[in-house]
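Here's the letter readout for the chains.
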Amino acid sequence: MPGCQSRKARSCSFFLAQFYLVPFVFGVLGARAAWEAMQPRRKKCGRCGLYYRESLEKCRWCGDLDENGLAELKARLDREHRGNKSLGHLFFLIAVACAVVVLLI
C-alpha cells in the first residue's frame, strides 16, 4: 500500500528517536536537578510573601520595615506585577501578529 511504512523503517525511526531524544531529555532533567541542588534552601515570609534563605533569622525584604514600609513594599511589588503582566500581554500580541504574518506569506 502506498503511504505505509515497512516494519523495518518504523523500527529504525523509533530507534533514531530514542537514540537522540533520550539523552537530550535526561540531559535537561539532570541539569535541572543539578541547578536545584545548587540553590540555597528558602522559605516564604509570612509577612510580605517573598522568599528568603533559611539561614537568615528574619526576612531580608521586610525584616527591618515598619508597617508603613511594609505597605510601600507591597504596593511596589503589586505595581511591578501589573507591569510584568502588561508586558506579557504585549509579547503575546506581538507573537500572534508574527504568526498571522507567517501564515499569510
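What counts, and where the lines are drawn
Residues numbered from 1 in each chain as written. Predicted model: local features only at pLDDT ≥ 70, side-chain atom pairs only at ≥ 80, totals over all residues. Heavy atoms only, no water. Core = buried A, V, L, I, M, F, W, Y, C linked by side-chain atoms within 4.5 Å. Buried < 20%, exposed > 50% of the residue type's maximum accessible area, 1.4 Å probe, protein only. Contact = heavy atoms within 4.5 Å. Phe/Tyr/Trp six-rings, centres within 6.5 Å; stacked < 30°, edge-to-face > 60°. Lys NZ or Arg CZ within 6 Å of the ring centre and 35° of its normal. pLDDT = per-residue confidence, 0-100. Helix = DSSP H or I, 4+ residues; strand = E, 2+ residues; numbered from the N terminus. Salt bridge = Lys/Arg side-chain N within 4 Å of Asp/Glu carboxyl O. Patch = residues over 30% accessible without salt bridge, like charges linked within 9 Å, V, L, I, M, F, W, Y side chains within 5 Å. Areas by Shrake-Rupley, 256 points an atom, 1.4 Å probe, with all protein chains shown as cover. Expected span 1.5 Å × (residues − 1).

Participant: Would you mind going over the nonpolar core with me for this structure?
Facilitator: In globular proteins that are soluble, nonpolar side chains generally tend to be buried together. Grouped together as the largest cluster of nonpolar side chains are seven residues: C45, C48, Y52, C59, C62, L70 and L73. Beyond its immediate sequence surroundings of up to four residues, L73 is in contact with C48, W61, C62 and L65.

Participant: Where do I start with the packing of aromatic side chains in this structure?
Facilitator: All chains considered together, the criterion is met by zero aromatic pairs. Over the ring of Y51 we find R42; its NZ or CZ atom is 4.9 Å from the centre of that ring. Positioned above the aromatic ring of W61 is the side chain of R60, whose terminal nitrogen or guanidinium carbon lies 4.3 Å from the ring centre.

Participant: How should the confidence of the model for the protein be read in this particular structure?
Facilitator: Parts of the model with low pLDDT should not have their predicted coordinates read in detail. Residues at a pLDDT of 70 or more form 76% of the protein, whose mean pLDDT is 85. When pLDDT is averaged over each helix and strand of the protein, the minimum, 68, is found for helix α1 (residues 7–38) and the maximum, 97, for helix α2 (residues 67–104).

Participant: What am I meant to see in the pattern of salt bridges here?
Facilitator: Charged atoms that come close allow side chains of opposite charge to pair. Applying the stated rule across the entire model yields five salt bridges. Two residues, R41 and E54, come together in a salt bridge whose shortest N-O distance is 3.5 Å. On the criterion of sequence distance, the pair formed by R41 in the loop between α1 and β1 (42–44) and E54 in the loop between β2 (51–53) and α2 is long-range, its members being 13 residues apart. Given the relative accessible area of 62%, R41 is considered exposed. Linking E67 and R47 is a salt bridge whose minimum nitrogen-to-oxygen distance equals 3.5 Å. Residue E67 is located in helix α2, and its partner R47 is located in the loop between β1 and β2; the two are separated by 20 residues in the primary sequence.

Participant: Would you mind showing me how to read a nonpolar patch on the surface here?
Facilitator: On the surface, a nonpolar cluster with roughly 530 Å² of combined accessible area is contributed by F92, L93, V96, V100 and L104. For V100, the position within the fold is in helix α2.

Participant: Honestly, α2 in this entry has me stumped. Any pointers?
Facilitator: Since the α-helix packs 3.6 residues into each turn, any two residues three or four apart lie on the same face. An ideal rise of 1.5 Å per residue puts 56 Å on 38 residues; α2 measures up with 56 Å between its terminal C-alpha atoms. Those residues of α2 that sit buried are G69, L70 and L73.

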